[in-house]
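Fold and geometry: a report
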Amino acid sequence: ASASASADPAASASASAGPASAGPVFFFGQPVKAKYGNSFFDATVVAVVDEHTVRVKYKYDESEADLPRTDLQEADPMASEAGPVASEAGPVASEAGPVASEENSEGVAVAATTSAEVAQDDDMGWKKQDDDMAWKKVDSADIGWEAAGVLKANWHLLASLERLLRYVKLSVDDSAESVLIQIREDSVEASHAEAQTRLVLRCLKASKASSAVDEPVPAETDLAGLSVRRVPVPAEYREGLLELLPGLLDKQNVVPAVFRSATVQSELIVGQACEAKYGNSFFEAEILAVAEDSVKVRYAFDNSEVDVQKADVKPKSKTSEITVGQELEAKYGNKFCDAEVIEVSADGVKVKYKYDGSEAVVAKDDLKCKRTGPVETETLYLFGEGRSLCEGAMHVYATLLKGKPGAGEFLLGLTSDPVDEFGLSFHQSPSVGRLIGAKGAVMKKLKSITGALLDFPGAKDDPEHTRHAVIGGSGAERQAAVELCKMLEVRDPVLPTVPAAVSAMCQVVRYDEAAAAKFAPKARMEIEKETECLTVALEQTSDAGESFELATGQKVEGKYGGKWNPCSVVEVGESVKVCWDYDSGETEVPR
């Protein structure tokens, strides 16, 4: 707590009397000075996350960040000049505070508590409980030292889980292997709250070990009241998905979960070639023995013999035999196109491309079977809060589908979230290159201007009609990003008007004919290079309220194909017949 938080010395001393009252009070919309690196910058409070953390939006680039209260100053000119006193004189709370405070590794006084007691509005259905008698100890859940260590080190995640579970308080025991569960005594759903808490903790334990939860997908009634996001991904990337789980847990402040697959496992036979898990990857192996829950395998890379769980063994996929007359996709340049096999030889496969009837010999590695039917999916469950859930889902698609052929085809089947919540939008784009720009310059500007998250999964050689922009954020952020993408997908676009979704972030610059050359497309590109803006042209319009008479022979501009072109008036009626200067053709044009 900073002594400069209050101009009243008595108030400052009172603020240091205990952690619950230390420091200034922050509220939504409040201007503050927020730390970034070693300096403080102008920012605005977006949300008070919990008693330790405040979310701010920096004014210089509109980015958001969750900061500890010690990294914030009230936007008072006197306070900003003097700087936080705590950095010079040490934290006041460590001198005058109660025994219940201790110093962290940075010398800042913090409350000696193991749980994040978070104050929420009454509308959320629960309040901060200062009286321990309001809580009853239920039991502890053994989640292992690795998972417990995550909660002990990441109080952001601990606080998020308490808000998620609503009626529960969590604390990590001294052995750091189990979590103590306490439930509000006035909760009428104590048994339901305990069951949900144990479910989430089992998911946390499994995700830290990059493993699936060894139980079927919970029923919807078991998840009622929890903030859960379901993220579908192609089932063929299940192993890659499991490898992402620890990172989602540590960096995104969500608890991810992949539940036991509902598909029937193929029969495993002694002597069968297979792929068996070792660490976080699968390797070629041979099955030596099959027990009820485990399989003994011999790894091909070192001939070692190991017993592994049945869930970690899968039959080796057979290479499909290529036959004459088979329809598949063959590579042409950087793209895969529909083709038919007309000859198979040791040198390669001769195919006939459907689109032009041409024939070519291609390597077997440049062929792939045509997908039939819907893509088989695996569902990732994310437990957490609004924006964190959105960021976690974006991270999965950006990482798992990056450079993967066919990813766009999978995204075609996904539906964008409603605009009244944090979520994802899937925007089909035939011009992904324009939205990324040289070295990602356009993509960076789109994210900076709208505040949305943005990525382009899939491979460069995927068909254009399947390429997608995956956009994450609030409804307003996603709508703005989609509209800007639509503008930029057209080369040198000329818009009739500014779309409502981007009007608040748009400045219209009007100019006369003499200045037109300054705002030509090439000139606008130079403007974009020197600024953080993006530019598009609007249709030329007359000034508001201006009217004029039309007469035969008069030189005017008429609209043709969405653009204004020089012409002469030939005949005036309900519509106007004009003669175009560029080809002397005549056309009827609405007034």
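Criteria and cut-off values
Residues numbered from 1 in each chain as written. Predicted model: local features only at pLDDT ≥ 70, side-chain atom pairs only at ≥ 80, totals over all residues. Heavy atoms only, no water. Helix = DSSP H or I, 4+ residues; strand = E, 2+ residues; numbered from the N terminus. Buried < 20%, exposed > 50% of the residue type's maximum accessible area, 1.4 Å probe, protein only. Contact = heavy atoms within 4.5 Å. Areas by Shrake-Rupley, 256 points an atom, 1.4 Å probe, with all protein chains shown as cover. Pairing = 2+ DSSP bridges. Axes fitted to C-alpha atoms, helices over the stretch in contact; angles between N-to-C directions. Polar contact = N/O pair within 3.5 Å; in protein donor to acceptor, adjacent residues only side chain to side chain. Patch = residues over 30% accessible without salt bridge, like charges linked within 9 Å, V, L, I, M, F, W, Y side chains within 5 Å. Salt bridge = Lys/Arg side-chain N within 4 Å of Asp/Glu carboxyl O. Lys, Arg positive; Asp, Glu negative; His and termini not counted. Core = buried A, V, L, I, M, F, W, Y, C linked by side-chain atoms within 4.5 Å. pLDDT = per-residue confidence, 0-100. Expected span 1.5 Å × (residues − 1).

**Some thoughts on the overall build of the protein chain**
- Check the secondary structure of the protein chain and you find 15 helices and 32 strands.
- Buried positions account for 36% of the 591 residues belonging to the protein chain.
- Partitioning the contacts of the protein chain with sequence separation of at least 6, the portion at a separation of at least 24 is 54%.
- Summed over its atoms, the accessible surface of the protein chain is roughly 32,900 Å², and 50% of this surface lies on carbon and sulfur atoms.

**A word on the sheet that holds strand S32 (residues 586-590)**
- Taken in spatial order, the four strands of this open sheet run S29-S30-S31-S32, and their pairing is antiparallel. The open sheet has two edge strands with one neighbour each: strand S29 (555-560) and S32. Taking each pair of neighbouring strands and ignoring which way they run, the sheet shows an average axis angle of 55°.
- Of the strand pairs in this sheet, S29 and strand S30 (residues 563-572) are connected by six bridges, and their pairing is antiparallel.

**Re the side chain of Ser 431**
- Tracing the backbone through its elements, the reader meets Ser 431 in the loop between strand S24 (423-428) and helix H12 (432-436).
- Ser 431 sits in the buried class, given a relative accessible area of 14%.
- There is a polar contact of 3.3 Å between the side chain of Ser 431 and the backbone oxygen of Glu 489.

**Regarding a nonpolar patch on the surface**
- Residues Tyr 36, Phe 41 and Tyr 60 make up a contiguous nonpolar surface patch of about 330 Å² in total accessible area.
- With respect to the helices, strands and loops of the structure, Tyr 36 is situated in strand S1 (residues 31-36).

**A word on the side chain of Glu 489**
- Its location among the elements puts Glu 489 in helix H14 (residues 475-489).
- In this structure, Glu 489 is buried with no salt-bridge partner, the nearest side chain bearing the opposite charge being Lys 486 at 7.8 Å.
- A polar contact of 2.8 Å, which involves the side chain of Glu 489, links it to the side chain of Ser 429.
- Not counting the four nearest positions on each side in its chain, Glu 489 is found in contact with His 427, Gln 428, Ser 429, Pro 430, Ser 431, Arg 434 and Leu 435.

**Describing the nonpolar core**
- Among the nonpolar cores identified, the biggest contains 36 residues, and Leu 151, Leu 161, Val 255 and Phe 383 are the most heavily contacted of them.
- Residue assignment for this core shows that the elements contributing at least two residues are helix H5 (144-153), helix H6 (155-165), strand S9 (168-172), strand S10 (178-184), helix H7 (190-208), strand S12 (255-257) and strand S23 (377-383).
- Residue contributions to this core peak at eight residues, all from H7.
- Formed by 27 residues, the second largest nonpolar core is a distinct cluster that contains Leu 244, Leu 382, Tyr 397 and Val 470.

**With respect to the sheet that holds strand S25 (residues 453-455)**
- Pairing is antiparallel in the open sheet, where three strands are placed in the order S24-S26-S25. Two strands lie at the open edges of the sheet, namely S24 and S25, each paired on one side alone. Pairwise comparison of adjacent strand axes, ignoring direction, gives a mean angle of 20° for this sheet.
- Sheet topology places S25 next to strand S26 (residues 468-473); three bridges connect them, and they run antiparallel. Its bridge partner lying in S26, Asp 455 is registered against Val 470.
- The strands touched by helix H10 (residues 386-400) within the sheet are S24, S25 and S26, with S26 carrying the most contacts at an inclination of about 160°.
- Relative to the sheet, H14 contacts S24 and S26, its axis offset from that of S24 by approximately 15°.

**Here we look at the confidence of the model for the protein chain**
- Averaged over every residue, the pLDDT of the protein chain is 76; residues scoring 70 or more account for 78%.
- Considering only residues more than four positions removed or in separate chains, one finds that residues 1-22, a stretch of pLDDT under 50, has 31 contacts.
- A low-confidence stretch, residues 77-133 stays under pLDDT 50, and its non-local contacts, those more than four residues away or across chains, total 99 contacts.

**As for H7**
- Over its 19 residues, H7 extends 27 Å from the first C-alpha to the last, a length consistent with the 27 Å expected when each residue adds 1.5 Å.
- Considered for burial, the residues of H7 that qualify are Ala 190, Ala 193, Gln 196, Thr 197, Leu 199, Val 200, Leu 201, Cys 203, Leu 204, Ala 206 and Ser 207.

**A look at the pattern of salt bridges**
- Tallied over the entire structure, the rule returns 18 salt bridges.
- Between Glu 526 and Lys 529 there is a salt bridge whose closest N-O contact spans 3.8 Å. Taken together, the positions of Glu 526 and Lys 529, both in helix H15 (residues 521-530) and three residues apart, correspond to about one turn of that helix.
- Residues participating in the shared-partner salt-bridge network are Glu 286, Lys 296, Arg 298 and Glu 305.

**Focus on the pairing of strand S21 (residues 359-362)**
- Across four bridges, the pairing between strand S20 (residues 348-353) and S21 is antiparallel. Residue pairing for S21: Lys 350 is matched across the bridge by Val 361.
- Between S20 and S21, which pair antiparallel in sequence order, lie five residues; one of them, Gly 357, sits at a positive phi of approximately 75°.

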